[in-house]
Amino acid sequence: MSLKVEQALHMVGGTGETSYATNSRIQEKAIHQTKSMLATAVEETYKVLHPDQMVVVDLGCSSGPNTLLVLSHVLSVAAKLPTTMELQFFLNDLPGNDFNSLFLSLEGFKKRLEREIKGNLLVPYYVAGVAGSFYGRLFPRASVHLFHSSFCLMWLSQVPEGLKTENGGPLNKGNIYWTETSLVEVEKAYREQFQKDFSIFLRSRHTELNVGGRMVLVFLGRRNRTPGNGDLIHIYGLLREALNSMVLEGIIPEEKVDTFNLPSYGASFEDVESVIRNEGLFDLDRAEILESSWDPFDDSKDDLYTISNHTGSGKNVANYIRAVVEPLIVHQFGAVILDDLFERYADRVSKHLLKEKANYTILVFALKKKV
């Protein structure tokens with residue numbers, strides 16, 4: 001059963017224990033960390049264009065409180081501007097996204113905003129959904145003033161081509177992502193798919209942005225070409241180990257793992273900067289590299305976990321990864337293995353964290369459309 005990413009990829013919907021809404025604190029922390037960069041983009045866009053109506057798009061919005069947090073940040077900045085401007089928000093994600101839960105939460109969001117932004121300072125705003133892949137056009141030419149995207153651009157438009165041998169067998173046998181011991185062709189296939197997708201993304205947004213329009217892009221990646229101890233190569237490697245343990249016990253067929261490759265790539269800072277430079281469509285206003293613990297609830301600055309908390313951290317990490325990849329796992333292996341798989345995964349993450357603390361690398365880019 002071939003994987004059609006646009007159909008299978010979405011975060012777990014609803015508000016239950018395994019939902020993305022419940023397990024998205026890593027993204028929430030990143031949105032707070034990049035709040036000032038988003039505020040600058042709103043202010044500079046207004047200063048240059050003075051639009052009567054500012055169109056703001058959140059690409060890959062998912063569902064849950066983080067989407068509304070982005071809207072809240074933008075509206076708080078707009079309330080301080082000397083303007084009668086109105087705001088039009090478009091929330092974009094793939095068709096499988098839980099848009100229903102998202103839009104059901106808007107009434108409560110509006111009431112909270114009215115309490116937080118006093119009097120008539122809250123500018124008029126309107127919210128609409130747009131389903132579709134951002135690896136292509138979504139909006140009319142020169143119709144958008146600001147794009148925001150958080151924790152999305154590490155997802156690819158498809159599983160990379162070139163992951164089969166000349167005979168049609170699996171080139172990445174026993175793995176679900178590239179590893180440091182993979183054949184060079186595997187990492188090359190992933191890197192080239194990212195470069196192709198990100199180039200399409202930049203061209204599409206350049207066409208859709210008004211002159212002077214801006215983008216704030218936040219996504220998981222790597223600081224350097226050589227992966228760090230907390231990069232995706234390791235967090236997915238532990239999931240691979242959990243799946244392979246189920247193969248050894250006869251719970252899932254080996255060929256199911258051999259033919260399963262995640263449509264994701266943690267690009268290096270250099271990878272991203274190179275594509276931006278080669279496309280030549282945007283000025284790079286600002287770039288940052290942030291770090292965030294694998295454990296969404298670990299806000300410490302310490303480098304090590306204690307014996308008492310590594311088990312809980314393993315469970316927290318497993319809950320987050322499950323909320324992100326569950327639909328892809330179900331598509332390939334079925335739903336019956338989920339609880340067993342992520343218990344095994346949590347155990348492996350706990351043991352990994354007992355040896356060393358692991359942090360995600362978060363890449364942040366503020367771009368301005370060239371004239």
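Structural notes, computed from the coordinates. Computed from a prediction, not measured in an experiment: that's the story for all the values here.

Overview of the pairing of strand β7 (residues 359-369)
In terms of burial, β7 is a largely internal element, nine of the 11 residues being buried. Of the pairings in the sheet, the one linking strand β5 (residues 209-221) to β7 comprises eight bridges and is antiparallel in character. Each residue of the ladder has a partner; that of glycine 221, found in β7, is threonine 361. In terms of strand pairing, strand β6 (residues 282-293) meets β7 through 11 bridges, oriented antiparallel. Following the sheet pairing, aspartate 283 is matched in β7 by lysine 368.

Thoughts on the packing of helix α2 (residues 25-33) against helix α4 (residues 65-78)
Look at α2 against α4: their axes get within 10 Å of each other, and the N-to-C directions meet at 10°. In terms of their interaxial angle, α2 and α4 are classed as roughly parallel. Touching Gln27, Glu28, Ile31 and His32 of α2 are Asn66, Leu69, Val70 and His73, all from α4. Classifying every residue of the contact of α2 with α4 by side-chain character gives three nonpolar, four polar and one charged.

A look at the packing of helix α8 (residues 232-248) against helix α12 (residues 338-355)
Close contact between α8 and α12 brings their axes to 9 Å; oriented N to C, the two are set at 130°. Put simply, α8 runs oblique to α12. For the pair α8 and α12, the sense of crossing is right-handed. Of α12, the residues touching α8 (which contributes Ile235, Leu238, Leu239, Glu241, Ala242, Leu243, Ser245 and Met246) are Asp340, Leu341, Phe342, Arg344, Tyr345, Arg348, Val349 and His352. The class makeup of the residues in the contact of α8 with α12 is 10 nonpolar, two polar and four charged.

Considering the environment of phenylalanine 139
Mapping phenylalanine 139 onto the fold places it in the loop between β3 (125-131) and β4 (144-150). For the pair phenylalanine 139 and glutamate 208, spaced 69 residues apart in sequence, the C-alpha separation works out to 5.9 Å. Among all residues touching phenylalanine 139, those that are not within four sequence positions of it are Val57, Phe90, Val130, Val144, Phe147 and Glu208.

Comments concerning the packing of aromatic side chains
Counted according to the given criterion, the structure contains 20 aromatic pairs. A ring pair is formed by phenylalanine 109 and tyrosine 125, whose centres lie 6.3 Å apart and whose planes are at 80°; its orientation type is edge-to-face. Taken as a pair, phenylalanine 109 in helix α6 (residues 106-116) and tyrosine 125 in strand β3 lie far apart in primary sequence, 16 residues in all. In terms of burial, phenylalanine 109 and tyrosine 125 fall into one category: buried. For the ring pair phenylalanine 269 and phenylalanine 365, a centre distance of 5.3 Å and an interplane angle of 25° mean the geometry is stacked. Of this pair, phenylalanine 269 sits in helix α10 (residues 269-279) while phenylalanine 365 sits in strand β7; the two residues are 96 residues apart in sequence, bridging distant segments of the chain. Note on phenylalanine 269: relative accessible area 17%, which makes it buried. Judged by its relative accessible area of 0%, phenylalanine 365 falls in the buried class.

Parameters and conventions
Residues numbered from 1 in each chain as written. Predicted model: local features only at pLDDT ≥ 70, side-chain atom pairs only at ≥ 80, totals over all residues. Heavy atoms only, no water. Buried < 20%, exposed > 50% of the residue type's maximum accessible area, 1.4 Å probe, protein only. Helix = DSSP H or I, 4+ residues; strand = E, 2+ residues; numbered from the N terminus. Pairing = 2+ DSSP bridges. Axes fitted to C-alpha atoms, helices over the stretch in contact; angles between N-to-C directions. Parallel < 35°, antiparallel > 145°, perpendicular 65-115°, else oblique. Contact = heavy atoms within 4.5 Å. Nonpolar A, V, L, I, M, F, W, Y, C, P; charged D, E, K, R; others polar. Left-handed = near helix turned anticlockwise from the far one by under 90°. Phe/Tyr/Trp six-rings, centres within 6.5 Å; stacked < 30°, edge-to-face > 60°.

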